[in-house]
Amino acid sequence: MPAIFTPTDTDRKRPHADDGDHGSGRRPPYDDGLKRTGGGGDNDNDNWNDRPAGRRGPREKLERYRLGLFFALAGDLMFFVAIISTFFVTKSSGHFDAYDRYINEWLPTAIPRILWLNTAVLFLSSVTVEMARRRMFHQFDVMEEWFGLGKPTAKRAMPWVIATIVLGIAFLLGQTVAWRQLAQEHVFLKSNPSSHFFYLITYTHAIHLLVGIAGLAMALVGLFASKQIENRQILVDCAAWYWHSMGFLWLFLFVLLAYFQ
Amino acid sequence: MMGTPQSGATVRPRKIRWLFSTDHHVIGLQYLALACVAVTVGVGLSLFMRLHLIAPDFVVPGHGPILPEDYLALVTLHGTLMLFFVLTTAPQSGFGNLILPAQIGSRRMAFPGLNAAGFWTTALALVVLLGSTFVQGGAAISGWTAYPPLSAIAAAGPGQGLGMDLWLGSIALFAVGTGIASVNTLTTVIRFRCEGMTWERLPLTVWAWFTAALLSLIAFSVLLAALVLLFLDRHAATGFFVPQGDVLSSVVRAAAVHGNGSPLLWLHLFWFFGHPEVYIAILPGMGLTSMLLANFSRRRVYAYQMMIATTLLIGGLGILVWGHHMFVAGLNPFVGTAFSISTMAIALPSAAKVLSWLATTWRSRPHFATPMLFSLGFVSFFVVGGLSGPILAQPILDQYLHNTFFVVAHFHLIMAMAGVFGLFAGVYYYFPLIAGRYLSEGLGRVHFWGTLGGAYATFLPMHMTGLAGEPRHYAQLTGIPNAAARLLAQTLPLQRHISYAAFFLAASQLPFVWNVIRSARWGDLAQPNPWNATTLEWHPALAPFAEEGSSSDEQIVAYCSPCAYDPGAGWAGFTPQWQEIPASNVKRE
């Protein structure tokens, strides 16, 4: 037996109950229906880091869903990377005709001016969804919920979520106006290599926004239907991050369509 | 006490809540069952092809003679089934779901509901693919690569109509399902590792699944984009992949129908997916082989951290080398050089892996159980199949060998056979964990030697017919009397040998099928940790299908790296990851 005990690596790195959490309520309780920690004691369930991964409370759950969403968005990003790569390749490629002349058929599609307005609307919707997201994480509101004073988070986030949905629908309606304007100029999906991409990019982005609106609608329903605050936080948080991603992606796609055709 | 196999083996009641379960064990088994269906159909199709190559006049009862388009449909379905529904799903999603959570000390995947959704999307994809055989115009005949412009024009000929659409739909569904599974795997590995399970302590299998999931996420998204573009070409009259002045049945198609596209663009997009795809198929086998060789040699994995690095390197380089599939398709020669160099660079981490496998087993006293045999078989196929990789990676040699059976031999040895041997090693190794019973060792040996011999007898001669110029995808080699046919006629004896060997190889799987059926019911009862393994999936509290509530709240902690064996103490000397190390012994780790 050595004179000095060397704790194992695992023991040294184990987060202990006094790692900044004295059970004073800094971390919200884990609502598994079995036990609500009031803090104070050092019962074995008081330090959530001692629990198996996956049951360490709302913060962990939120981070898990957020991470999953980010990976899904990374995959989605590759989808658009592939399409944008194709855009540049097609733009710069041509063929030789019967007289050995190099022909590039790319005719830039003049983007309808309403897209500028749509972009502004989408930017605004990103602001509103961020308002909704931040409303879900107000410490003060969360405390009120624990005291049983209704659902202040839901009430405060709801108008912003609704505003985002409305702005999102406005953006999509604006896109349909743009498509109609192009159609009136006889620019269709099949008209030209550049119009392939204009429609492809705007359509796929619109489909992604529809998914985002569905997510926001789910969050809206969840704000009232879900009893657990962490679930509501997750719904709003993930819908918001998804929405931000699509907004940011649109800025990129818009610049691509407006200046790089 | 962990050192010795525990007596009083328990029968684990197999309470399998089937079908719409969100239990990751069940989903893993569902993926494996799906792969079983696909592999059975896929093997049957390949036997039809081999039969046709040696007996072109054979009339299939109820169908008639095999026409060239039938043969191409066989090739396409065989490739698609094997690549996607066997080699991608079984090692990555099947064993990944069954084993991965327990190996990182977790009881569940990060998103169980999503996991089930991923499986059912994949299952639907298989149904759509198999259904495409029965539609008007027949199954797709473009090969699993679906090269345009044929695949982009529905009127191009048989198998390019509805069958092609369903093929595209099936693969799109598959891409979505795999994307879902990858998100799940990545999040699980990052968030659900138990206490003490640091990145350096992750078993190499987990590293392999993690890397393969990263590759899936990147590659399948690009494939999905390519599928969307191809679908638009087919049905919205766009022209991403259809060239100007495309000739169809000797008629130049009007430019108005399609635009100004390039089939090469599809090749770039497809192979940007297609090459990582082969690493998605093989990486889990590599990880499993590393762990199994260590387990049965009672040695640590040689250069463990280097093995992690090579796994990531192989994944990273695998994304960069798609162009070597296009050496003969019309690539700028300088680009060809770049792709050639980067492709050959993969030989370095691959060789490092082989060296580690050899160093792990070198002068050990291996315990030659069936899983060990299959792992050694994996190494053998990896070496033999891998050696032709650098040959094909050189544009000049590829000029000759591309689209010959040399390539078929190469990828069947390294991807199909090595991949399948990884799967078999996994089945034999994990069967006691899942079913609570051993597979029969005797039958396992018969299966192993039959499969090993059959595989070499089938695929090694393909190098030679390939060197003799036998092309891929040709229904009949000597149909038209000309010089090429006379040349190929000399390979006919070898062709017959390959076909008989293929039938033998398929028949060698029967002992395995019987073994699984027999052992699941009447096999010897297994002990809790029968292979004296160190990784956490053998933790007593993590037994799959264990009685509900049996120590399910026990905290799982990893105290040390995996593969802590004591070679001097023989079979019984090992420290499982869940065994607390006495404080006085810490230095030993």
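Residues numbered from 1 in each chain as written. Chains lettered and ligands numbered in written order. Predicted model: local features only at pLDDT ≥ 70, side-chain atom pairs only at ≥ 80, totals over all residues. Heavy atoms only, no water.

- If you check an unreviewed UniProt entry, chain B appears there as Cytochrome c oxidase polypeptide I from Granulicella sibirica.
- As its UniProt record puts it under Sequence similarities (unreviewed entry), chain B is described as follows: "Belongs to the heme-copper respiratory oxidase family."
- Here chain B is described in UniProt, under the heading Subcellular location (unreviewed entry), as follows: "Membrane". (UniProt positions renumbered as here; feature names shortened; annotations may be inferred.)

- Where an unreviewed UniProt entry is consulted, chain A appears under the name Cytochrome c oxidase, subunit III, with the organism given as Granulicella sibirica.
- What UniProt records for chain A under Sequence similarities (unreviewed entry) is the sentence "Belongs to the cytochrome c oxidase subunit 3 family."

So, the side chain of D141(A)
Residues and elements named next belong to chain A.
Alright, step 1. Considering the arrangement of structural elements, one finds D141 in helix α4 (residues 139-146).
Alright, step 2. Using a relative accessible area of 0% as the deciding quantity, one classes D141 as buried.
Alright, step 3. With sequence-adjacent residues up to four places away left out, D141 is seen in contact with R135, P152, T153 and R156. (Helix = DSSP H or I, 4+ residues; strand = E, 2+ residues; numbered from the N terminus. Buried < 20%, exposed > 50% of the residue type's maximum accessible area, 1.4 Å probe, protein only. Contact = heavy atoms within 4.5 Å.)

Describing the domain arrangement of chain B
Residue and element names in this part refer to chain B.
Alright, step 1. One can read the domain layout of chain B as domain 1 (22-261) and domain 2 (286-526).
Alright, step 2. Here the C-alpha centroids of domain 1 and domain 2 sit 20 Å apart.
Alright, step 3. Counting from both sides, the interface comprises 36 residues of domain 1 and, opposite them, 41 residues of domain 2.
Alright, step 4. Buried surface at the junction of domain 1 and domain 2, both sides included, amounts to about 3000 Å², of which 78% is carbon and sulfur.
Alright, step 5. At the surface where domain 1 touches domain 2, the tally comes to 0 salt bridges. (Domains from an automatic or database assignment. Buried area = accessible area lost by both parts, 1.4 Å probe. Salt bridge = Lys/Arg side-chain N within 4 Å of Asp/Glu carboxyl O.)

Some words on the layout of surface pockets
Alright, step 1. Volume-wise, the second largest pocket comes out at about 1500 Å³.
Alright, step 2. The wall of the second largest pocket is formed by 48 residues, among which L69(A), A72(A), V211(A), Y242(A) and L114(B) lie closest to the centre.
Alright, step 3. Of all the elements in the fold, those that place two or more residues in the lining of the second largest pocket are α2 (58-91), α6 (193-225) and α7 (229-259) of chain A together with α3 (112-131), α4 (162-191) and α5 (204-235) of chain B.
Alright, step 4. Element by element, the count of residues in the lining of the second largest pocket is highest for α6(A), at 11 residues.
Alright, step 5. Considering only residue class, the lining of the second largest pocket consists of 31 nonpolar, 12 polar and 5 charged. (1 Å grid on protein atoms, 1.4 Å probe; cavity = no way out; pocket = protein on both sides within 12 Å on 5 of 7 lines; lining within 4 Å. Points joined across faces, edges and corners; volume = space filled by probe spheres on them. Nonpolar A, V, L, I, M, F, W, Y, C, P; charged D, E, K, R; others polar.)

A few points about the pattern of salt bridges
Pairing between side chains becomes possible if they bear opposite charge and their charged atoms approach one another.
Alright, step 1. Summed over all chains, the structure comprises 11 salt bridges over all chains.
Alright, step 2. The partner of E63(A) in a salt bridge is R59(A), and the shortest N-O contact between them spans 3.5 Å. Note that E63(A) and R59(A) are positioned in helix α2 at a spacing of 4 residues, about one turn of the helix.
Alright, step 3. In this structure E63(A) comes out as partly exposed when scored by relative accessible area, which is 26%.
Alright, step 4. Ionic pairing is found between E441(B) and R445(B), a salt bridge with its closest N-O pair at 3.1 Å. In this pair, E441(B) and R445(B) are both assigned in helix α13 (residues 441-467), 4 residues apart and thus about one turn of the helix distant.
Alright, step 5. Counted as one network, the salt bridges with shared partners bring together R66(A), E130(A), R133(A), R134(A) and D237(A).

What about the UniProt feature "domain: Heme-copper oxidase subunit III family profile" (unreviewed entry) in chain A?
Alright, step 1. Here the UniProt feature "domain: Heme-copper oxidase subunit III family profile" (unreviewed entry) sits at residues 66-261 of chain A.
Alright, step 2. The distance separating the terminal C-alpha atoms of residues 66-261 of chain A is 35 Å; by composition the span is 78% helix and 2% strand.

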